[in-house]
Amino acid sequence: MKIRTAWAAFAVLALAAGGCGSGSGSDDGSGKTTITFWDNNGGARTPVYQELIKRFEQANPTIHVEYVGVPIASVQQKYDTAVAGGDTPDVGGVTTSYLANLVGQQALEPADDWLAKSPVNGKLAKPMLDSVRATVPDGKLYLVPNTSNMDVVWYLKDLLPTPPGTWDEFFTDADTLTKAPDQYGYTIRGGAGSIFQVLAEMYSYSGISEFFDATGKSTVNDPKNVEFLTKMASLYKKDTPEADVTNDFPKMVAQFGTGKIAMMHHNLGSYNDHVKAHGADKIGAFALPAGPSGKRTIVANPVDGFAVFKNSAHKDAAWKFVEFLVSKESNSYWNSKTGQIPANTEAQTDSWVAALPHLKTAVDTLADPGTTVVSPPYYLPQFSSITKADTEPLFQKVLLGQMKPQAFLDTLAQKLTDAQAEWKKAHGG
Amino acid sequence: MATMRRKAVPYLLISPTVALIAAFLVYPIGSVAYYSLQNRNLTRPWADGFAGLENFRRMLFEDELFWHSLGFTAKWVIVEVGLQLLLGLALALIVNESFIGRALARSLVFSPWAVSGVLTTGIWILLYTPGTGVLRFLGRPEAAVLGNPDTVFPAVIVAELWRGVPFFAILLLAGLQGIPGELYEAASVDGAGRLRRFRHVTLPQLRDAIVLATLLRSVWEFNNVDLLYTLTGGGPAQVTTTLPLYVAQRAVDSKDFGYGSALTMAGFVILLFCSILYLRLSRFGAQR
């Protein structure tokens, strides 16, 4: 009987250890090269890629692109599994927030040589290229930028005719727009993805321009950041729904879509969701307000783009596809459909950019010489796990009143400081 | 030659099974055991290498969350399996009686078992959604039961009960149908009432079925990932994090596979030990 029990337990463990993967491209015998492309945010933008792939295949009849839409929430895990199993796609959507991790696993092919010979050379936004290069230790271009993003606060114009200019005004607005029983001034992202938003809010309030001070210590627990978080956490359940503590992106957008929430912090990427729920004329967006210093400070969003994987058997076809995606026409099409900032500088001058008010707000804010851009340490391979698995539950404790904002930020700062020191040591810094 | 061939036949016959067990059990378990002794963290590739028992030391002496998740797992398994057994037995007894519409009642009792785990959580997420969920009938439409540390435990217990009770009901009903009618008749002749018949005939006859169902369900509930993962993700603030969920967080989300493997080995040993102990104490399958 003991043996039978042991097998039962063994079986459970074996099932838990199972995994899955997806194949890379192949030559199907018809002379056509098949390449696999993983969209790192499959779902709402799948039709955009389907259209672009159709155009690409018409222009390149010998190449077939197999589209795989990976949900954004599981994309890192999917890539890690694929790398571990040697089963990566030919091309994949990758952002700088997990680029360092993939490069650390030696999964990607640098694009420098390819770009030097490509017609798109010189046409991709330099800040985005610099940001990509700054993410990896060897300074190579492992990701070809497609788009950039910026944090904004979306609001309903019917409820809030004039957007707040400072965080103090924001807190006042959030309070006055809350009306029992179910009208709320604001919604906090308390679930997956919470930490990045809190970081963006805190630094825009405190005006601190570096993530680490000269000694390598994290500035996350600066008293001004603590002051902000204390104010923000006090909104929970007072001016926000109780369900916010577990709010991830879909839940937060769905809540905002009900029309019962006046303001919601996200980035340009959710534009289409809001248009669908409310109509383009009903929604507005403002950049994260300035704090008491009056300095406009924004935290740089990850650059999103395309990477060719080292394992690909069809790198030439893969580069061709990447080149097509970041060309003026495709890049303009993609970003106009998603409402984000194009990486292709020629596409940036297209008329639709100026015609979308939220995008104009973002482009103007980024172009304003008075704006300070703080770069998070995307180069730390641990940055993603520190700001997600390690500290998201702690942020929930802050909202629930089980942890003080100071203690939470001290913990986060310590983790970042340690990771920075370890990274520097590992890279001879 | 012929003798040798005859000797080889049994081995040949069991070789497919041995090969399958090696591929699907021995290898994965061996690799988890191997990684539990390694530093294997995708975000710190420079620190990879042999770790000895360091992962286990960290787990036992430094990791509060390990102990917290273990405590919650025990609470989850005991409450969940206990309630499922009681309600499942009650349902099995009811649908074992003869009444009009019994076939329909049986189908209804068993139907939640046929619903997939993710779909079950989908249903319960909708039921618990603030504003539109079932709580508006209780006068608290905006309450977020899954976001409140005080209400999240009963909420997930109810959801899992809905799915788990039919399992007990099915197994116990099968057991009930296997009890010979003469035993009840004899007990009646001896003057036993309904309660005494239940206590002295039904329960002893159901013992093996109860032991097996409880053991299987305990292992499953211990390893339950789908419902808790999709319903709460182990939250809010990790109050509903079971050991397997914690393994998923450390290994998959934090990419610390070495430490995740050590946690898995802990779960494995605990389950093995509890299973053996339970079967010994209950003397499962013993001739009476």
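Residues numbered from 1 in each chain as written. Chains lettered and ligands numbered in written order. Predicted model: local features only at pLDDT ≥ 70, side-chain atom pairs only at ≥ 80, totals over all residues.

Okay, the overall build of chain A next. Check the secondary structure of chain A and you find 19 helices and 14 strands. The C-alpha radius of gyration computed for chain A amounts to 22 Å, which stays within 12% of the reference 22 Å derived for 429 residues, consistent with globular compactness. Judged by the C-alpha coordinates and their principal axes, chain A covers about 70 × 65 × 45 Å. When burial is assessed residue by residue, chain A has 49% of its 429 residues classed as buried. Nonlocal contacts in chain A, meaning residues at least 24 apart in sequence, comprise 77% of its contacts between residues at least 6 apart. (Helix = DSSP H or I, 4+ residues; strand = E, 2+ residues; numbered from the N terminus. Rg over C-alpha atoms; globule rule 2.2 N^0.38 Å. Buried ≥ 20, exposed ≤ 12 C-beta atoms within 10 Å, placed from the backbone. Contact = placed C-beta atoms within 7 Å.)

Okay, the packing of helix 8 (residues 194–206) of chain A against helix 9 (residues 223–233) of chain A next. Residues and elements named next belong to chain A. Between helix 8 and helix 9, the shortest axis-to-axis distance is 9 Å and the interhelical angle comes to 120°. Classified by the angle between their axes, helix 8 and helix 9 sit oblique to one another. Crossing of helix 8 over helix 9 shows right-handed handedness. Two secondary-structure elements touch here, helix 8 through V198, E201, M202, Y205 and S206 and helix 9 through K224, N225, F228, L229 and M232. Taken together, the residues of the contact of helix 8 with helix 9 break down into six nonpolar, two polar and two charged. (Axes fitted to C-alpha atoms, helices over the stretch in contact; angles between N-to-C directions. Parallel < 35°, antiparallel > 145°, perpendicular 65-115°, else oblique. Left-handed = near helix turned anticlockwise from the far one by under 90°. Nonpolar A, V, L, I, M, F, W, Y, C, P; charged D, E, K, R; others polar.)

For the rest of this paragraph, the subject is the interface of chain A and chain B. Contacts between the two partners involve 37 residues from chain A, matched on the other side by 39 residues from chain B. Breaking the side of chain A that touches chain B down by element, the ones donating at least two residues are helix 1 (2–16), helix 3 (75–84), helix 4 (96–104), helix 17 (383–390) and helix 18 (392–399) of chain A. No other element matches the eleven residues that helix 1 of chain A contributes to the side of chain A that touches chain B. Looking at the side of chain A that touches chain B residue by residue, the classes come out as 20 nonpolar, ten polar and seven charged.

Residues and elements named next belong to chain A. Taken in spatial order, the four strands make up an open sheet running 8-9-7-10, and their pairing is mixed. Unpaired on one side and paired on the other, strand 8 (184–187) and strand 10 (283–287) mark the two borders of the sheet. With strand direction ignored, the average angle separating the axes of adjacent strands in the sheet is 25°. Of the pairings in the sheet, the one linking strand 7 (residues 151–156) to strand 9 (residues 261–267) comprises five bridges and is antiparallel in character. Bridge pairing links D151 to N267 in strand 9. (Pairing = 2+ DSSP bridges.)

Let's shift gears to the nonpolar core. By size, the foremost hydrophobic cluster in this structure holds 143 residues, and its most contacted members are L99, Y142, L143, F321 and V322 of chain A. Two domains each provide a minimum of three residues to this core, namely domain 1 (20–148 + 303–348) and domain 2 (151–300 + 372–426) of chain A. Counting twelve residues, the second largest nonpolar core, distinct from the first, contains A92, V165, F168 and A169 of chain B. (Core = buried A, V, L, I, M, F, W, Y, C linked by C-beta atoms within 7 Å. Domains from an automatic or database assignment.)

With that settled, the discussion passes to the domain arrangement of chain A. Residue and element names in this part refer to chain A. One can read the domain layout of chain A as domain 1 (20–148 + 303–348) and domain 2 (151–300 + 372–426). Between the C-alpha centres of domain 1 and domain 2 the distance comes to 29 Å. Contacts between domain 1 and domain 2 engage 17 residues on the former and eleven residues on the latter. At the level of elements, helix 4 and helix 6 (126–134) are the ones that each hand at least two residues to the side of domain 1 that touches domain 2. A total of seven residues in the side of domain 1 that touches domain 2 trace back to one element, the largest contributor, which is helix 4. Residues that form the side of domain 1 that touches domain 2 fall into these classes: seven nonpolar, ten polar and no charged.

With that settled, the discussion passes to unusual backbone geometry. Across the junction of A180 of chain A and P181 of chain A, the peptide omega takes the value 5°, indicating a cis bond. In this structure, P181 of chain A sits in the loop between helix 7 (167–176) and strand 8. A cis geometry characterises the amide bond from G235 of chain B onward to P236 of chain B, with omega recorded as -5°. Mapped onto the secondary structure, P236 of chain B falls in the loop between helix 9 (226–231) and helix 10 (243–253). Phi angles above zero are rare outside glycine, and Q238 of chain B is one such case at about 65°. Along the chain, the position of Q238 of chain B falls in the loop between helix 9 and helix 10. In this model, K255 of chain B sits at a positive phi of 65°, which is unusual for a non-glycine residue. Within the secondary structure, K255 of chain B is located in the loop between helix 10 and helix 11 (257–282). With 23 C-beta atoms counted inside 10 Å, the residue K255 of chain B sits in the buried group.

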